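Residue-level structural notes
The residues making up each chain are set out below.
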Amino acid sequence: MQLEHWGIEYFDLFLIHFPVSLQYVDPSHRYPAEWYGDDGKVHMERVPMHETWKAMEELVDDGLAKNIGLSNCQGSLILDVLQYAKYEPQVLQIELHPYLTQEPLTNLCKLWGIAVTAYSSFGPQSYLELGMGKTTPSLLQHSTIGAIASAHGKTPAQVLLRWATQRGIAVIPKSNDHGRLVSNLQCGGFDLTEEELAAISGLNMNYRLNDPVNIEPRLSIFA
Ligand SMILES: NC(=O)c1ccc[n+]([C@@H]2O[C@H](COP(=O)([O-])OP(=O)(O)OC[C@H]3O[C@@H](n4cnc5c(N)ncnc54)[C@H](OP(=O)(O)O)[C@@H]3O)[C@@H](O)[C@H]2O)c1
């Protein structure tokens, strides 16, 4: 169904979006299914990860996907999949930006040969309320990022992307603006110094934008 939707014969990479099993929704009824049932509630299904991973492996055997991977999974679940995988996960796609640097998880992936892809590379779109009347700017407005960008004659967005790619992490920024798409593609061709990389990583505050707990409290997968 998804291949037909895209008009292609196979996927280069197919991911389990979240390690959460939801009740099946027939695509003719609603596509994409998203999180909610017709009643506006989340309906979970009792399907363990090993069954889902086996189904993913069948996609490879049937020639529908060349590579398979995970998204939004933590270390313990990745280690679980590695126990029974016929085809090991090739990629882990996670939220990753200087406010959520995820070093333990990226280190684990490196050791197991799993490529990491970052989403939400620019972090929050506006300033953050930290409580007690304190705020912090968005990463695109942050003075540390701005100073490093000026030093290299680059934009803050290019610095944020290079901070990831220079550490071996793939990026997939999206934009509806042609100029920003082009400029995001031009995030190579310069290197940040070790001090600059460390200064950017030092902004970490484990701030997560995308957490299904905000959809349904029982889905606290990062707890
Ligand atoms: N696995 C998951 O659970 C998951 C979750 C979220 C996203 N993703 C995927 O990750 C990819 C990226 O999506 P995202 O949601 O993370 O968005 P993003 O790449 O972080 O982009 C967020 C916003 O930043 C703006 N932007 C882009 N380039 C910019 C630049 N150079 N300067 C200033 N602003 C810029 C864009 O607005 P304009 O359009 O106005 O430029 C865009 O709406 C998508 O393919 C998405 O499907 C995956």
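Reading the values: rules and limits
Residues numbered from 1 in each chain as written. Predicted model: local features only at pLDDT ≥ 70, side-chain atom pairs only at ≥ 80, totals over all residues. Heavy atoms only, no water. Helix = DSSP H or I, 4+ residues; strand = E, 2+ residues; numbered from the N terminus. Rg over C-alpha atoms; globule rule 2.2 N^0.38 Å. Contact = heavy atoms within 4.5 Å. Areas by Shrake-Rupley, 256 points an atom, 1.4 Å probe, with all protein chains shown as cover. UniProt positions renumbered as here; feature names shortened; annotations may be inferred. Phe/Tyr/Trp six-rings, centres within 6.5 Å; stacked < 30°, edge-to-face > 60°. Lys NZ or Arg CZ within 6 Å of the ring centre and 35° of its normal. Near = heavy atom within 4 Å. Polar contact = N/O pair within 3.5 Å; in protein donor to acceptor, adjacent residues only side chain to side chain. Salt bridge = Lys/Arg side-chain N within 4 Å of Asp/Glu carboxyl O. Buried < 20%, exposed > 50% of the residue type's maximum accessible area, 1.4 Å probe, protein only. Patch = residues over 30% accessible without salt bridge, like charges linked within 9 Å, V, L, I, M, F, W, Y side chains within 5 Å. Pairing = 2+ DSSP bridges. Right-handed = clockwise from strand over helix to strand, strands pointing away.

As annotated in an unreviewed UniProt entry, the protein carries the name NADP-dependent oxidoreductase domain-containing protein and is attributed to Pisolithus microcarpus 441.

1. Things to note about the overall build of the protein
For the protein, the helix and strand inventory stands at eight helices and seven strands. The globule rule puts the C-alpha radius of gyration for 223 residues at 17 Å, and the 19 Å found for the protein is close to it. Summarising its shape, the C-alpha atoms of the protein cover approximately 50 × 40 × 35 Å along the three principal directions. Taking contacts inside the protein between residues at least 6 apart in sequence as the whole, the part at least 24 apart equals 64%. With an accessible surface of roughly 13100 Å², the protein has 52% of that area assigned to carbon and sulfur atoms.

2. With respect to the UniProt feature "domain: NADP-dependent oxidoreductase" (unreviewed entry) in the protein
Sequence positions flagged by UniProt for "domain: NADP-dependent oxidoreductase" (unreviewed entry) are, in local numbering, residues 3-203. Secondary structure content for residues 3-203 is 36% helix and 16% strand, and the end C-alpha separation is 40 Å.

3. Describing the packing of aromatic side chains
The tally for this structure, following the rule as stated, stands at two aromatic pairs. The positively charged end of Lys-66 is found above the aromatic ring belonging to Tyr-10, 4.4 Å away from the centroid. Over the ring of Trp-163 we find Arg-167; its NZ or CZ atom is 3.8 Å from the centre of that ring.

4. Some details on the site of the ligand
Residues in contact with the ligand amount to 20 residues; listed here are only the nearest, Asn-72, Ser-120, Ser-175, Asn-176 and Arg-180. Within the contact set of the ligand, a nitrogen atom lies 2.9 Å away from a side-chain nitrogen or oxygen of Gln-93. Backbone polar atom of Lys-174 to an oxygen atom of the ligand: 2.9 Å apart, as the coordinates give it.

5. What about the pattern of salt bridges?
Note on pairing: side chains with opposite charge can pair once their charged atoms come close. Counted under the stated rule, the structure contains five salt bridges. The residue Asp-38 makes a salt bridge to Arg-30 at a minimum N-O spacing of 3.2 Å. Note that Glu-58 and Lys-54 form a salt bridge whose closest N and O atoms lie 3.5 Å from each other. Placement of the pair is Glu-58 and Lys-54 together in helix H2 (residues 49-61), with a separation of four residues, close to one helical turn. Judged by its relative accessible area of 40%, Glu-58 is partly exposed.

6. Let's talk about a nonpolar patch on the surface
Together, Met-1, Trp-6, Ile-8 and Tyr-31 give the surface a local cluster of nonpolar side chains, amounting to about 450 Å² of exposed area. With respect to the helices and strands, the residue Tyr-31 is situated in the loop between strand E1 (11-16) and H2. Relative accessible area serves as the criterion here: at 32%, Tyr-31 is assigned to the partly exposed category.

7. Examining the pairing of strand E3 (residues 91-95)
Counting buried residues in E3 gives five out of five residues, a clear majority hidden from the surface. Taken together, the two bridges between strand E2 (residues 65-71) and E3 define a ladder with parallel strand orientation. Residue pairing for E3: Leu-70 is matched across the bridge by Leu-92. Of the crossover connections in this fold, the one passing from E2 over helix H3 (residues 75-84) to the parallel E3 is right-handed. By the bridge criterion, five bridges tie E3 to strand E4 (residues 115-119) in an arrangement that is parallel. The residue of E4 that forms the bridge with Leu-92 is Val-116. As for the winding sense of the linkage, the β-α-β connection from E3 through helix H4 (residues 103-111) to E4 is right-handed.

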